[in-house]
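# Survey of secondary and tertiary structure
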Amino acid sequence: MTPAIFGISGPELTPDERAFFKEADPAGYILFARNCETREQMRRLTDDLRAIHGRDRLIVSIDQEGGRVVRMKPPEWPKYPAGEAFAKLYEAAPASAIEAARVNAEAMAIELAHVGISVDYHAPFDVRRPETDDVIGDRALGSDPMQVAALGRAVLDGMARAGVVGCLKHMPGHGRATVDSHKELPRVTASAEELETDIEPFRTLSSHPLGMSAHIVFDAWDADNPATLSEKVIGEVIRGQIGFDGLLLTDDIDMQALDGTIPERGAKALDAGCDIILNCWAKMDDQQEIANRFPDLSDETAARLERVHAAMGDAPDAGKAADLLAKRDALLAITEEAA
């Protein structure tokens, strides 16, 4: 099995993709808006992906947070708020905010599960600061580590109720980045003591089976390499200080924060201690080279992947989502009442 999650070019598999995926056997797949047209089309696509190797338990993933980060969009699917909505409610009514985040995540995950999605790269556990770049911005669940952890736990719990596995991202924290890592490499100059604030939410949820690294240089830990490519950050901070022993994915390996060819980046990430290369853009040449260079999972990665598979569940009754959304809206209305 190739230690990679691959993208798909369109709303259905091409013959070349089907043949390649059969041979390469990637650890999973990621869908984008180009792959999400209707419920029926998505179900056919995800069923096709599972049929390639006959696996029901398979990472079929998506970035579906709400707000700006959505791949399954209206009018085919409901609109969901960004994390900031729950952060604002937390200021007025913490318990209500936690419940709102939970039921919102469960409703969203029901939609995901019924089209065959098993993993959602949600929630961001990045602690927002005044200087935080807008790439995080209103996606953040707050500026207080305890609040971020509480709301993030609610998101993970809500998705789990619908059989979908959430993700701890972006370890060890994207909140201090002042540029967009999709476009350039952020550098954080905060001290190790100051960075304790950033890693606290991840440490609180460190037993979760799935996480994602950040393409950010942290001078206090490794001034020469971004976290994704840093043996020191992954080994000493993510695995050590945070205590995360789950399946660690790279953030999208295609992002402009990283240098070198895509396969070169992937090699550095695996050497540094990441388990899986997240390769999103469905470029066949890159995917083939990754599969050729890295044909097998390590035993440790295979065991971590199995824990992710074990956390997947069956989709609940789709009709439940409407009641959950009504409850969410009633809770979010408290923010306006308290203003």
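Right above here is the structure, for reference.
Residues numbered from 1 in each chain as written. Predicted model: local features only at pLDDT ≥ 70, side-chain atom pairs only at ≥ 80, totals over all residues. Heavy atoms only, no water.

Right, let's talk about the packing of aromatic side chains for a bit. Applying the stated criterion to the full structure yields seven aromatic pairs. Note on Phe218 and Trp221: the rings are 5.2 Å apart at their centroids and 45° apart in plane angle, and the pair reads as tilted. For Trp221, a relative accessible area of 8% translates into the label buried. Three or more aromatic residues joined by ring pairs make a cluster, and in this case those are Phe6, Phe20, Phe21 and Tyr29. (Phe/Tyr/Trp six-rings, centres within 6.5 Å; stacked < 30°, edge-to-face > 60°. Buried < 20%, exposed > 50% of the residue type's maximum accessible area, 1.4 Å probe, protein only.)

Backbone torsion omega between His122 and Ala123 reads 25°, so that peptide bond is classified as cis. Checked against the element boundaries, Ala123 lands in the loop between β4 (119-120) and α5 (145-161). Omega for the bond connecting Met171 with Pro172 falls within 30 degrees of zero, at 5°, which places this linkage in the cis form. Residue position: Pro172 is located in the loop between β5 (168-171) and β6 (187-188). (Helix = DSSP H or I, 4+ residues; strand = E, 2+ residues; numbered from the N terminus.)

What follows concerns the pattern of salt bridges. By the definition in use, this model includes 24 salt bridges. The residue Glu65 makes a salt bridge to Arg139 at a minimum N-O spacing of 2.8 Å. Of this pair, Glu65 sits in the loop between β3 (59-62) and α3 (83-92) while Arg139 sits in the loop between β4 and α5; the two residues are 74 residues apart in sequence, bridging distant segments of the chain. In this pair, the class of Glu65 matches that of Arg139, namely buried. Here Asp245 ties to Arg307 by a salt bridge, and the two come within 3.7 Å at their closest N and O atoms. (Salt bridge = Lys/Arg side-chain N within 4 Å of Asp/Glu carboxyl O.)

As for its position among the elements, Arg71 is in the loop between β3 and α3. At 3.4 Å, the side chain of Arg71 forms a polar contact with the backbone oxygen of Asp63. Leave out the neighbours within four places in its chain, and Arg71 touches Leu31, Phe32, Ala33, Cys36, Ile62, Asp63 and Gln64. (Polar contact = N/O pair within 3.5 Å; in protein donor to acceptor, adjacent residues only side chain to side chain. Contact = heavy atoms within 4.5 Å.)

Read from one edge of the open sheet, five strands run β4-β3-β2-β1-β10, paired in parallel fashion. With partners counted over all chains shown, the strands left at the sheet margins are β4 and β10 (277-279), one partner each. Bridge count for strand β1 (residues 2-7) against strand β2 (residues 26-31) is four bridges, and the pairing is parallel. The partner of Phe6 across the bridge, within β2, is Tyr29. (Pairing = 2+ DSSP bridges.)

With that out of the way, let us pick up the environment of Pro263. Inspection of the secondary structure assignment puts Pro263 in helix α8 (residues 262-272). You can call Pro263 buried: its relative accessible area is 6%. Spatially, the C-alpha atom of Pro263 lies 6.4 Å from that of Glu289, the residues being 26 residues apart in sequence. Every residue in contact with Pro263, bar those within four places of it in the chain, is listed here: Asp286, Glu289, Ile290, Arg293 and Phe294.

Now for the state of the cysteines. By the definition in use, this model includes zero disulfides. Cysteine Cys274 shares no disulfide, and the gap to the nearest cysteine sulfur, in Cys167, comes to 12 Å. Its relative accessible area of 5% is what places Cys274 among the buried residues. Cys280 takes part in no disulfide bond, and the closest cysteine sulfur to it belongs to Cys167, at a distance of 12 Å. (Disulfide = S-S within 2.5 Å.)

Let us look at the sheet that holds β5. Judged by pairing direction, the sheet is parallel, and its three strands sit side by side in the order β5-β7-β9 without closing on themselves. For this open sheet the edge positions go to β5 and β9 (247-249), each flanked by a neighbour on one side alone. Going from strand to strand, the sheet's axes swing by 30° on average, the running direction of each strand aside. Relative to β9, strand β7 (residues 210-213) runs parallel, the two sharing three bridges. Within the sheet, the bridge partner assigned to Met212 lies in β9 and is Leu249. (Axes fitted to C-alpha atoms, helices over the stretch in contact; angles between N-to-C directions.)

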